[in-house]
Amino acid sequence: MAMERANLLNMAKLSIKGLIESALSFGRTLDSDYPPLQQFFVVMEHCLKHGLKVKKSFLGYNKSLWGPLEMVEKLCPEAGEIAASVRDLPGLKTPLGRARAWLRLALMQKKLADYLRLLITRKDTLSEFYENSAVMLEEEGAVIVGLLVGLNVIDANLCVKGEDLDTQVGVIDFSMYLKNDIDDYRSEERNGQIAAILDQKNYVEELNRQLKYTVFNINYNCCFYCTQIADGDLNCELDTYKQSRQGLDEMYNEARRQLKEECQLRQDVENELVVHVSMKQEMEMAMKLLEKDIHEKQDTLIGLRHQLDEVKAINVEMYQKMQSSDDNMRQKNDMIARLEEKTNQITATMKQLEQRLQDAERERASAEDGVRKFKQDFTNKADSLQKQIAQREKMQLETDLKIERDWRQTLQNELERERETIAQLTAEAQQINGLKKEFHRLQDENTQLKGICEEQEQALEELGCKLSEYGGQVWLKDKDATHCKLCEKEFSISRRKHHCRNCGEIFCNSCSDNELPLPASPKPVRVCDTCHALLLQRCSSNAT
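Residues numbered from 1 in each chain as written. Predicted model: local features only at pLDDT ≥ 70, side-chain atom pairs only at ≥ 80, totals over all residues. Heavy atoms only, no water.

An unreviewed UniProt entry lists the protein chain under the name RUN and FYVE domain containing 2, from Cyprinus carpio.

**Quick look at the pattern of salt bridges**
Stated precisely, the cut-off is as follows: One side-chain nitrogen of Lys or Arg within 4 Å of one carboxyl oxygen of Asp or Glu is enough to make a salt bridge. In this description a helix means any DSSP run of H or I spanning at least four residues, a strand means any run of E spanning at least two, and both kinds are numbered starting from the N terminus. The classification of residues rests on relative accessible area computed with a 1.4 Å probe and restricted to protein chains. Under 20% of the type maximum is buried, over 50% is exposed, and intermediate values are partly exposed.
A full pass over the atoms with the stated rule returns 22 salt bridges. Between glutamate 45 and arginine 100 there is a salt bridge, with its nearest N and O atoms 2.9 Å apart. Of this pair, glutamate 45 sits in helix H2 (residues 35-49) while arginine 100 sits in helix H6 (residues 95-109), and the two are 55 residues apart along the sequence. The pair glutamate 45 / arginine 100 is uniform in exposure class, with both members buried. Of the charged contacts, one joins arginine 122 and aspartate 124 as a salt bridge, the two residues approaching to 3.8 Å between their closest N and O atoms. Note on arginine 122: relative accessible area 36%, which makes it partly exposed.

**Observations regarding the pairing of strand S5 (residues 514-518)**
Test applied: At least two bridges found by DSSP between two strands is the condition for calling them paired.
Of the two faces of S5, only the one carrying Asn514, Leu516 and Leu518 is buried; Glu515 and Pro517 on the other face are not. Taken together, the five bridges between S5 and strand S6 (residues 521-527) define a ladder with antiparallel strand orientation. Residue pairing across strands places leucine 518 opposite serine 521, the latter belonging to S6. Where S5 folds back onto S6 in an antiparallel hairpin, the turn is made up of two residues.

**A closer look at empty space enclosed by the protein**
Rule in force here: A cavity here means a set of points on a 1 Å grid, drawn over the protein atoms and nothing else, where a 1.4 Å probe fits but cannot get out; a pocket is an open set with protein on both sides within 12 Å along at least five of seven lines, and a residue lines either one if it has an atom within 4 Å of a point. Grid points are joined across faces, edges and corners, and a volume is the space filled by probe spheres set on the points. Here the nonpolar group is Ala, Val, Leu, Ile, Met, Phe, Trp, Tyr, Cys and Pro; Asp, Glu, Lys and Arg are the charged ones; every other residue, Gly included, is treated as polar.
Using the criterion set out here, one finds four cavities of 30 Å³ or more in the structure. Approximately 110 Å³ is the volume attributed to the largest cavity. Forming the walls of the largest cavity are Lys13, Ile16, Lys17, Ile20, Leu147, Gly150, Glu282, Met285 and Ala286. Listed by contribution, the elements that provide at least two residues to the lining of the largest cavity are helix H1 (2-26) and helix H11 (231-391). Among the elements that take part in the lining of the largest cavity, H1 stands out by supplying four residues, more than any other. Its residues placed into classes, the lining of the largest cavity shows five nonpolar, one polar and three charged.

**Quick notes on the nonpolar core**
Soluble globular proteins tend to bury their nonpolar side chains together. The condition is simple: Side-chain atoms within 4.5 Å link the members of a nonpolar core, which is a set of buried Ala, Val, Leu, Ile, Met, Phe, Trp, Tyr and Cys residues. By definition in these notes, contact holds between two residues if any of their heavy atoms fall within 4.5 Å.
In terms of nonpolar packing, the biggest core is built from 63 residues, with Leu37, Phe40, Trp102, Tyr130, Leu148 and Leu151 touching the most fellow members. Of all the secondary-structure elements, those providing two or more residues to this core are H1, H2, helix H3 (66-70), helix H5 (80-88), H6, helix H7 (112-121) and helix H9 (139-148). Discounting residues that sit within four places of it in the chain, tryptophan 102 has contacts with Trp66, Leu69, Val72, Ile82, Val86, Leu112 and Tyr115. Core analysis: the second largest hydrophobic core is formed by 15 residues, Cys484, Val527, Cys528 and Leu535 among them.

**A few points about the packing of aromatic side chains**
Stated formally: Side-chain rings of Phe, Tyr and Trp (the six-membered ring for Trp) are treated as a pair once their centres are within 6.5 Å; stacked means planes under 30 degrees apart, edge-to-face means over 60, and tilted covers the remaining angles.
Taken as a whole and assessed by the stated rule, the structure comprises three aromatic pairs. Here the aromatic rings of phenylalanine 40 and phenylalanine 41 are separated by 5.5 Å at their centres, their planes lie at 55°, and the arrangement is tilted. Among the residues examined, phenylalanine 41 registers a relative accessible area of 6% and is labelled buried. Centroid distance tryptophan 102 to tyrosine 115: 5.9 Å. Interplanar angle 45°. Geometry classified as tilted.

**Considering H2**
The α-helix advances 3.6 residues per turn, and as a result positions three or four apart in sequence lie on the same side. For clarity, the cut-off: To estimate the expected span of a helix, count its residues, drop one, and scale the result by 1.5 Å.
For H2, spanning 15 residues, the distance from its first C-alpha to its last is 21 Å, which sits close to the expected 21 Å at 1.5 Å a residue. H2 sits mainly inside the fold: eleven of its 15 residues count as buried. Within H2, the full set of buried residues consists of Pro36, Leu37, Gln39, Phe40, Phe41, Val42, Val43, Met44, Glu45, Cys47 and Leu48. Of the surrounding elements, those touching the buried residues of H2 are H1, H3, H6, H7 and H9. Downstream of H2 by one or two residues, glycine 51 has phi in the positive range, about 75°.

**Here we look at the side chain of arginine 501**
Where we set the bar: We call two N or O atoms a polar contact when they sit within 3.5 Å, provided that within protein one can donate a hydrogen and the other can accept it, with sequence-adjacent residues counted only if both atoms are side-chain atoms.
By the secondary structure assignment, arginine 501 is in the loop between strand S3 (498-499) and strand S4 (506-507). According to the relative accessible area criterion, arginine 501 is buried, its value standing at 12%. For arginine 501, the side chain forms a polar contact with the main-chain oxygen of histidine 499, separated by 2.7 Å.

Structure follows, in structure tokens:
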């Protein structure tokens, strides 16, 4: 069980570290098809399954992850939403599927480490589901929960509803954690450590060889010395040598044993140091990621506060614009009414002028015909007069000339009157052309004013929609209303549309000329007669 816990801890470290590094390099929100994320859930499932007690049911013996995870709802009320969502999912039929869905929802909430920390602190509750040597009841479980804190920097968007979580097979893919460049670097470090240990071993062997050579020399010198001394002294020296040799052997064996113990202790310390260094690096990475997440959340909070201030300023500005737009609408409605009256007058004047122009043109044509006939008659009469003059050269010449002069004077006067009439008609025609240009200019101005009016009506509709979102009433669009809601009179250019700021319906000016302050607007705004009476009744009832 201890070996299984160590293996699960190492796999959890590898999967969490690989997931964080790949997610940061990935640079966007993770989905359900991301391979490191799938392997992380498989490893977490194996960690939570380790040491589960077998429970007996009607269908036989089984191990269920859903039991301990369901206890988190009692320890933390915030986890109730996840548990309720998991129970409401229609496609989940087994406890294992519900447990897998719970892990995915907790990761999306960034509360997986918090929930599991609450769970491992209640060992009395976990002992009902796990054996005594399970991962969740030992120190490895606390280490895994500490590593899960680093996952709070990951944004995941997992579609739990569409996945088949009941029939998935949780198999760890070790190919993702095979040796890479980092492992090569670590293996080089281990090779260097092994080379140092081998050098130490060679040094110890050389030292032993020199000690043996020293012992051999001592033995040789002892033998040579023994041939020169007496037999009694020889036995005494031999005993002394044997005792010293035995002491040296014991010291050598003790030194060798201590050397082995020191090497083993050094190896153990180096292994623990490597484990602590890796854990320290992982904790430093987790702390950096947490600091980064905290700074990002602080920046997000500051941005949200700025956005809230901007929204408040926009609301105040929209209210002021609404007031000014109402005033502009009143002024423009009055201006449009005056322009329509002026347009009607100009149209009537234009019709009269066109009629006069047609009459003048007919009179001019008739005058030209008269002048032409007069010239023809005058030519004929002149010819006849010349003939008469030729016949009567001497008779009544002075009388005829006088009559002809009078007749010519009369014709010249009539011709001058006709010319004056033509000049007057020409001036009237120029005046009519000027009135036509003025009429076209007024038509263009009327078109521009209508466009401005339509834009302001559209702005009022958008403002009404926003007010309806804040106030709760439905803001009726201008195109949906053709008659007054109250008097049922049809709207026209002279009878304009007005919105009631309380109910959102459209009325004419006579049915909505009341103003009262509303909860959404501290200043008095336009309301219809029905809402005016209803609001007055409410005010009177509240006052009583």
